[in-house]
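In case you want the letters, here they are:
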Number of protein chains: 2
Amino acid sequence: MKKKIYKANILYTKEKNCFEVLENGYVAVDADGRVIGVSTDLSTLGADASAHRNAESDTELVDFGDRLLIPATNDLHVHAPQYRNQGIAMDLELLPWLQKYTFPEEMRYADTGYAERMYRRFVRDLWRFGTMRACVFATTHTASTRLLMHLFQEAGLGALVGKVAMNRNCPEGLSESVEEMVRGYEELIAEFNQPEALVRPIVTPRFVPSCTPEMLRACGELAAKHQLPVQSHLSENKDELALVQTLESIWYGAAYNRYGLFGQTPTVMAHCVYTEGKEMRLIKRNGVMVAHCPTSNLNVASGMAPIRKFLDEGLRVGLGSDISGGHDLNIFRVMVYAIQVSKMHFQKNHARPFLTLSEAFWMATKSAGSFFGRVGSFEPGYEFDALVIDDSDLNHDHYSLPERLERYVYLGDDRQIVHRFCRGKEVLKPVVTFSSPFCV
Amino acid sequence: MKKKIYKANILYTKEKNCFEVLENGYVAVDADGRVIGVSTDLSTLGADASAHRNAESDTELVDFGDRLLIPATNDLHVHAPQYRNQGIAMDLELLPWLQKYTFPEEMRYADTGYAERMYRRFVRDLWRFGTMRACVFATTHTASTRLLMHLFQEAGLGALVGKVAMNRNCPEGLSESVEEMVRGYEELIAEFNQPEALVRPIVTPRFVPSCTPEMLRACGELAAKHQLPVQSHLSENKDELALVQTLESIWYGAAYNRYGLFGQTPTVMAHCVYTEGKEMRLIKRNGVMVAHCPTSNLNVASGMAPIRKFLDEGLRVGLGSDISGGHDLNIFRVMVYAIQVSKMHFQKNHARPFLTLSEAFWMATKSAGSFFGRVGSFEPGYEFDALVIDDSDLNHDHYSLPERLERYVYLGDDRQIVHRFCRGKEVLKPVVTFSSPFCV
């Protein structure tokens with residue numbers, strides 16, 4: 001790959017409180033897909049304007065004109081096998097929803113043919129909305145999980161994919177013995193756990209109520225042995241908190257921590273709606289990442305995570321779509337909901353201000369991106385994950401660049417995304433045709 | 001116009017609690033654009049399957065195949081001159097937002113050239129999202145308001161358009177004397193106030209704090225004299241409530257009522273976030289329509305209107321986009337937000353269940369539609385306002401018809417709307433080119 005220089009209107013967040021804005025700026029990307037630098041002065045980037053006119057040059061200059069160039073978004077919490085259920089059964093409460101819709105649907109992923117048909121569309125739609133990296137829950141099924149990982153590789157998108165570990169409080173067809181779970185993981189680890197790989201396994205106990213102590217212990221051991229990241233759910237609703245206390249005789253975060261599943265390796269925990277006090281302090285001390293899922297908070301009526309408080313306390317926070325508790329895969333929409341949920345906290349208690357656009361953007365790009373490496377910014381050394389936005393239909397009057405970005409976040413959709421890059425490579429539309437060698 | 005029979009998968013709400021669902025159903029529409037009947041049996045609709053094969057027949061049969069046919073949506077509260085500000089300045093609170101963005105923008109509508117450029121796009125975008133009727137705030141400017149009404153006529157969409165009356169607590173350029181206000185209204189009334197017209201004037205005092213008692217009295221007299229409907233804002237935030245109490249020495253709803261602006265003619269009041277007790281009872285007694293604007297409730301952080309309570313009490317409730325306090329013109333998205341806001345109430349107090357999809361749909365179609373006549377349902381005698389939805393991209397597995405509709409509401413956008421009808425006529429995409437005879 002040649003060194004590339006992209007010219008466009010560049011916006012990104014180094015710090016959460018403000019946008020870096022470069023009108024007609026340049027970003028230089030090395031042959032490995034890492035950012036060399038960003039500037040409005042081409043000469044400071046070790047290239048000149050003639051670069052693109054010289055076929056012999058080792059640098060290619062690509063001019064995106066008046067378009068916006070921004071870091072791609074990252075989705076820190078999404079259930080791939082709930083793709084079919086996206087946007088249905090929203091009138092149900094959590095328990096009947098799990099029993100009637102979620103578990104029966106996940107059982108269908110025993111069939112890799114069905115899995116491929118759904119997963120191909122799921123990966124295509126992540127791509128559509130500009131999500132270049134995701135932390136993904138699959139199902140307990142090793143074969144379908146392997147297939148999903150191949151589909152991410154084929155697409156060129158980054159993903160941490162978790163075969164789900166669960167062996168209690170779930171239907172027979174989704175329960176696995178600890179030994180089966182470990183064997184399945186070892187298979188996936190052998191095939192996928194390469195350093196620097198875009199697609200890697202992530203240890204995924206569904207949540208404490210679904211896992212016996214033996215299962216949780218085995219998960220912690222897997223994570224430690226292979227230095228794998230961990231993902232799960234934490235403190236989403238009050239009944240769940242009480243249940244965990246009964247099962248483990250300790251508070252929720254401490255239960256994960258006991259088994260080495262709480263920051264001993266990089267860990268992301270979804271929801272944290274009722275996280276406070278000692279749980280918050282342990283999250284901070286262990287560097288656990290919070291995946292805030294505001295659409296899900298509203299749809300499932302679980303409560304609203306206190307994100308401003310988490311940011312004030314210095315916790316790491318990113319955003320998640322939580323399909324299908326959340327209904328929208330578009331992380332830009334999830335940013336809007338994050339701001340709105342924080343406004344609801346603000347409305348109750350004016351002591352803490354609501355989230356600004358730059359904070360929501362930073363959470364979805366640089367903060368969430370840090371879970372995947374140096375991802376989510378255009379600072380030197382960052383992997384070039386980026387979107388080119390043609391907002392000409394939204395930009396019908398004299399708007400400033402930050403206003404154009406705000407309008408894209410609030411009003412735009414996949415139609416305005418005209419190029420997508422992951423680790424420096426342009427990612428083209430994934431194929432959805434059902435004709436893959438993985439379907440065995 | 002010939003009698004028409006449309007075949008499709010038909011969904012609509014007679015009552016708020018459930019959908020009427022006709023798989024491969026027919027709806028017959030008379031030459032005046034009114035529904036004759038709906039059935040799965042063509043013979044009961046006074047036609048047979050040969051209708052479309054017989055050019056001599058007085059009935060044309062149009063087959064929409066597997067598509068969904070639903071009532072079009074209605075927007076009960078939208079500020080047309082805030083179209084440019086849609087999706088910007090969302091980090092600001094109400095007062096600086098009004099001073100820095102809203103009022104300066106509205107002042108630009110003194111220029112009908114500017115107004116036409118913005119209003120044409122606004123009308124086009126209402127059309128895009130399937131809104132066939134709207135209650136619209138314009139500005140104080142009579143010429144621009146007239147222009148907007150012509151654009152609605154040209155487009156073939158239904159609208160009640162209000163020249164805004166205001167003469168205090170606003171910039172000089174937006175203030176008008178009572179005499180000027182009345183003169184402007186009389187002009188618009190002379191031109192547009194035809195019975196049965198799709199586009200009519202609506203008396204629009206901005207809200208009590210912007211109008212002196214003389215202005216409010218003149219508004220009430222105009223409404224009574226010409227039997228015009230009325231729209232305004234009510235009980236959106238607590239400071240506003242206190243201000244009205246100071247200005248009028250009475251509670252908010254009673255202030256409008258005192259001037260004949262609270263149901264003496266058909267009246268729609270936006271927000272009603274803090275409406276309770278006697279205000280709620282007066283709204284009910286006077287048949288005032290509540291325009292619930294959930295996106296605006298969240299964006300402006302004013303609080304969340306207690307819609308379940310209003311429905312339980314038998315109040316009339318519809319939905320509004322409230323551009324640009326709300327950010328989304330798409331009333332299907334506003335339905336989603338209405339459900340989510342009600343879930344937030346539910347989460348605090350489980351005594352009242354959250355809104356269901358059919359309730360949100362009913363509010364946006366039949367309930368809101370009742371403000372425009374017999375609009376928003378497919379029952380006999382209703383004006384045929386309808387959308388044809390091609391959801392083939394969302395319908396990738398075996399979904400039931402209600403699930404298909406739910407997925408469209410939660411996941412769809414304007415791309416799936418393939419036909420739009422207002423009062424029986426198909427409405428084609430409005431022109432946005434800036435070359436109109438109205439620009440004088």
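Per chain, residue numbering runs from 1 following the sequence as it is written. Chains carry letters from A onward and ligands carry numbers from 1 onward, assigned in written order. For this predicted model, a pLDDT threshold of at least 70 governs which residues receive local features, and a threshold of 80 or more governs which side-chain atom pairs are given and counted, while totals over whole chains, interfaces and linings are taken from all residues. With hydrogens and water stripped out, all remaining heavy atoms of the structure feed into the side-chain values.

Looking at the nonpolar core
And then number 1: Core analysis: the largest hydrophobic core is formed by 217 residues, its most contacted members being Phe122, Leu148 and Phe152 of chain A together with Phe122, Leu148 and Phe152 of chain B.
And then number 2: Here a residue-residue contact requires only that any non-hydrogen atoms of the pair lie within 4.5 Å. The contact partners of Phe152 of chain A, leaving out residues within four places of it in the chain, are Phe122, Val123, Leu126, Val136, Leu157, Ala159, Val161 and Val199 of chain A. Put simply, a nonpolar core is a bunch of buried Ala, Val, Leu, Ile, Met, Phe, Trp, Tyr and Cys residues held in one set by side-chain atoms that sit within 4.5 Å of each other. Buried, partly exposed and exposed residues are distinguished by accessible area as a fraction of the type maximum, computed with a 1.4 Å probe on protein chains only: under 20%, between the cut-offs, and over 50%, respectively.

Topic: the sheet that holds strand S5 (residues 73-79) of chain A
Residue and element names in this part refer to chain A.
And then number 1: Pairing between two strands requires that DSSP report at least two bridges joining them. Helix numbering and strand numbering both begin at the N terminus, where a helix is a DSSP run of H or I of at least 4 residues and a strand a DSSP run of E of at least 2. In space, the four strands of this open sheet follow the order S5-S6-S7-S9, with parallel pairing throughout. A strand with exactly one partner marks an edge of an open sheet, and here the two such strands are S5 and strand S9 (199-201). Strand-to-strand, the axes of this sheet are offset by a mean angle of 15°, without reference to chain direction.
And then number 2: Note that strand S7 (residues 158-162) and S9 share three bridges and pair parallel. Paired with Leu160 across the strands is Arg200, a residue of S9. Helix axes use the C-alpha atoms of the stretch in contact, all axes being lines fitted to C-alpha atoms, and the angles between their N-to-C directions lie in the range 0 to 180 degrees.

Some thoughts on the side chain of Ser235 of chain A
And then number 1: Tracing the backbone through its elements, the reader meets Ser235 of chain A in the loop between strand S11 (230-234) and helix H6 (238-248).
And then number 2: Beyond its immediate chain neighbours, meaning those up to four positions away, Ser235 of chain A contacts Glu240, Leu241, Tyr252, Cys272, Val273, Tyr274, Thr275 and Glu279 of chain A.

Here's the deal with the side chain of Asn74 of chain A
All names here are of chain A.
And then number 1: Its location among the elements puts Asn74 in strand S5.
And then number 2: Counting of polar contacts relies on pairs of N or O atoms within 3.5 Å, with two restrictions inside protein: one atom must be capable of donating a hydrogen and the other of accepting it, and residues adjacent in sequence are counted only when both atoms are side-chain atoms. One polar contact links the side chain of Asn74 to the main-chain carbonyl oxygen of Thr365, over a distance of 3.1 Å.
And then number 3: Ignoring anything within four residues of it in the chain, the contact list for Asn74 reads Thr131, Arg133, Leu319, Ile331, Ala364, Thr365, Ala368, Gly369, Phe372 and Val375.

Re the interface of chain B and chain A
Much of the literature gives interface size as the accessible area that the parts lose upon coming together.
And then number 1: If you look at the interface, chain B gives 50 residues, while chain A gives 50 residues.
And then number 2: Between chain B and chain A, a total of about 4400 Å² is buried, with carbon and sulfur atoms accounting for 47% of that surface.
And then number 3: Between Lys or Arg on one side and Asp or Glu on the other, a salt bridge is scored when a side-chain nitrogen of the former is within 4 Å of a carboxyl oxygen of the latter. Our count for the contact surface shared by chain B and chain A stands at ten salt bridges.
And then number 4: Applying the counting criterion to the chain B and chain A interface returns 30 residue pairs in polar contact (both at pLDDT 80 or more).
And then number 5: Secondary-structure elements contributing two or more residues to the side of chain B that touches chain A are helix H2 (112-128), helix H9 (294-299), helix H11 (331-348) and helix H13 (401-411) of chain B.
And then number 6: In terms of residue count, the dominant contributor to the side of chain B that touches chain A is H11 of chain B (eight residues). Throughout, buried area stands for the accessible area (probe radius 1.4 Å) lost by two parts on being put together, summed over both.

Structural notes on the sheet that holds strand S5 (residues 73-79) of chain B
All names here are of chain B.
And then number 1: In spatial order, the strands read S5-S6-S7-S9; together these four strands make up an open sheet with parallel pairing. Each of the sheet's edge strands pairs with one partner strand only, and the pair in question is S5 and strand S9 (199-201). The sheet shows a mean angle of 15° between the axes of neighbouring strands, direction not considered.
And then number 2: Across five bridges, the pairing between strand S6 (residues 131-137) and strand S7 (residues 158-162) is parallel. The partner of Ala134 across the bridge, within S7, is Ala159.
And then number 3: Here H2 sits on the sheet and contacts S5 and S6; the angle it forms with S6, its principal contact strand, is near 140°.
And then number 4: Along the sheet, helix H4 (residues 178-192) contacts S7 and S9; its crossing angle with S9, the most-contacted strand, is approximately 150°.

Quick word on the relation of the copies chain B and chain A
And then number 1: When the copies are overlaid, the least-squares fit takes in C-alpha atoms only where the residue has pLDDT of at least 70 in both copies. At an RMSD of 0.0 Å, chain B and chain A line up after a rotation of 180° and a shift of 0.0 Å along the axis. Here the two chains are linked by the operation of a two-fold rotation axis.
And then number 2: A shared binding surface is used by both copies, with 100% of the interface residues of chain B retained as interface residues in chain A.

Observations regarding the packing of helix H3 (residues 142-155) of chain A against helix H4 (residues 178-192) of chain A
When two helices pack together, you describe them by how their axes are tilted relative to each other and by the distance separating the axes.
All names here are of chain A.
And then number 1: Where H3 meets H4, the closest approach of the two axes is 10 Å, and the angle between their N-to-C directions is 20°. As summarised for this structure, H3 and H4 are arranged roughly parallel, according to the angle between their axes. In this structure, H3 meets H4 at a crossing whose hand is right-handed. Seen from H3, the contacting residues are Thr142, Thr145, Arg146, Met149, His150 and Gln153; seen from H4, they are Gly184, Glu187, Leu188, Glu191 and Phe192.
And then number 2: Among the residues making up the contact of H3 with H4, the classes are represented as three nonpolar, five polar and three charged. What sets the label is the angle itself: under 35 degrees gives roughly parallel, over 145 gives roughly antiparallel, 65 to 115 gives roughly perpendicular, and the rest give oblique. Here is the rule for handedness: rotate from the far helix to the near one, and if that takes an anticlockwise turn smaller than a right angle the crossing is left-handed, while a clockwise turn gives right-handed. Residues are grouped as follows: Ala, Val, Leu, Ile, Met, Phe, Trp, Tyr, Cys and Pro are nonpolar; Asp, Glu, Lys and Arg are charged; every other residue, Gly included, is polar.

Focus: the confidence of the model for chain A
And then number 1: Summary of the metric used: pLDDT quantifies the predictor's per-residue confidence within the range 0 to 100. On average, residues of chain A carry a pLDDT of 95, and 96% of them reach 70 or more.
And then number 2: Interface confidence in the predicted complex, given as ipTM, is 0.96; pTM for the same model is 0.96.

Side note on the packing of helix H11 (residues 331-348) of chain A against helix H12 (residues 357-369) of chain A
Residues and elements named next belong to chain A.
And then number 1: Relative orientation of the contacting elements H11 and H12 amounts to 135°, with a least axis distance of 9 Å. Put simply, H11 runs oblique to H12. The way H11 lies across H12 gives a crossing that is right-handed. Across the interface between the two elements, Ile331, Phe332, Met335, Ala338 and Ile339 of H11 pack against Leu357, Ala360, Phe361, Met363 and Ala364 of H12.
And then number 2: In terms of residue class, the contact of H11 with H12 is made up of ten nonpolar, no polar and no charged.

Here's the deal with the environment of Glu23 of chain A
Residues and elements named next belong to chain A.
And then number 1: Counting through the fold element by element, Glu23 comes out in strand S2 (residues 20-29).
And then number 2: Assessed through its relative accessible area of 55%, Glu23 is described here as exposed.
And then number 3: For the pair Glu23 and Arg316, spaced 293 residues apart in sequence, the C-alpha to C-alpha distance is 30 Å.
And then number 4: Those residues in contact with Glu23 that lie beyond four places of it in its chain are Ala8, Asn9, Thr40 and Leu401.

Quick look at the packing of aromatic side chains
And then number 1: Here a Phe, Tyr or Trp ring, Trp counted by its six-membered ring, pairs with any other such ring whose centre lies within 6.5 Å, and the pair is stacked when the planes are under 30 degrees apart, edge-to-face when over 60, and tilted otherwise. A complete count under the given rule lists 35 aromatic pairs over all chains for this structure.
And then number 2: With a centroid separation of 5.6 Å and 10° between ring planes, the pair formed by Tyr6 of chain A and Phe64 of chain A is classed as stacked. Of this pair, Tyr6 of chain A sits in strand S1 (residues 3-12) while Phe64 of chain A sits in strand S4 (residues 59-71), and the two are 58 residues apart along the sequence. One exposure class covers both Tyr6 of chain A and Phe64 of chain A, and it is buried.
And then number 3: Ring geometry for Tyr337 of chain A against Tyr337 of chain B: centres 4.8 Å apart, planes inclined by 0°, an arrangement best described as stacked. Of the two residues, Tyr337 of chain A is situated in helix H11 and Tyr337 of chain B in helix H11; the pairing between them involves two chains.
And then number 4: You can call Tyr337 of chain B buried: its relative accessible area is 3%.
And then number 5: Members of the aromatic cluster, each reached through a chain of ring pairs, are Tyr6, Tyr12, Phe64, Phe378, Phe384 and Phe421 of chain A.
And then number 6: Criterion for a charge above a ring: Arg CZ or Lys NZ at most 6 Å from the ring centre, at most 35 degrees from the ring normal. Taking the ring centre of Phe354 of chain A as reference, the NZ or CZ of Lys343 of chain A above it sits at 4.9 Å.
And then number 7: It is Arg420 of chain A that lies over the ring of Trp127 of chain A; its NZ or CZ is 3.7 Å from the centre.

Points about the pattern of salt bridges
When charged atoms on two side chains of opposite charge get close, those side chains can pair.
Residue and element names in this part refer to chain B.
And then number 1: Overall, the coordinates contain 63 salt bridges over all chains when judged by the stated rule.
And then number 2: The shortest N-O distance in the salt bridge between Arg120 and Glu154 comes to 3.0 Å. With Arg120 in helix H2 and Glu154 in helix H3 (residues 142-155), this residue pair connects regions lying 34 residues apart in the sequence.
And then number 3: For Glu154, a relative accessible area of 44% corresponds to the partly exposed category.
And then number 4: Across the pair Arg308 and Glu359 runs a salt bridge, and its minimum N-O distance is 2.6 Å. With a gap of 51 residues between them, Arg308 in helix H10 (residues 307-312) and Glu359 in helix H12 (residues 357-369) connect regions that are remote in the sequence.

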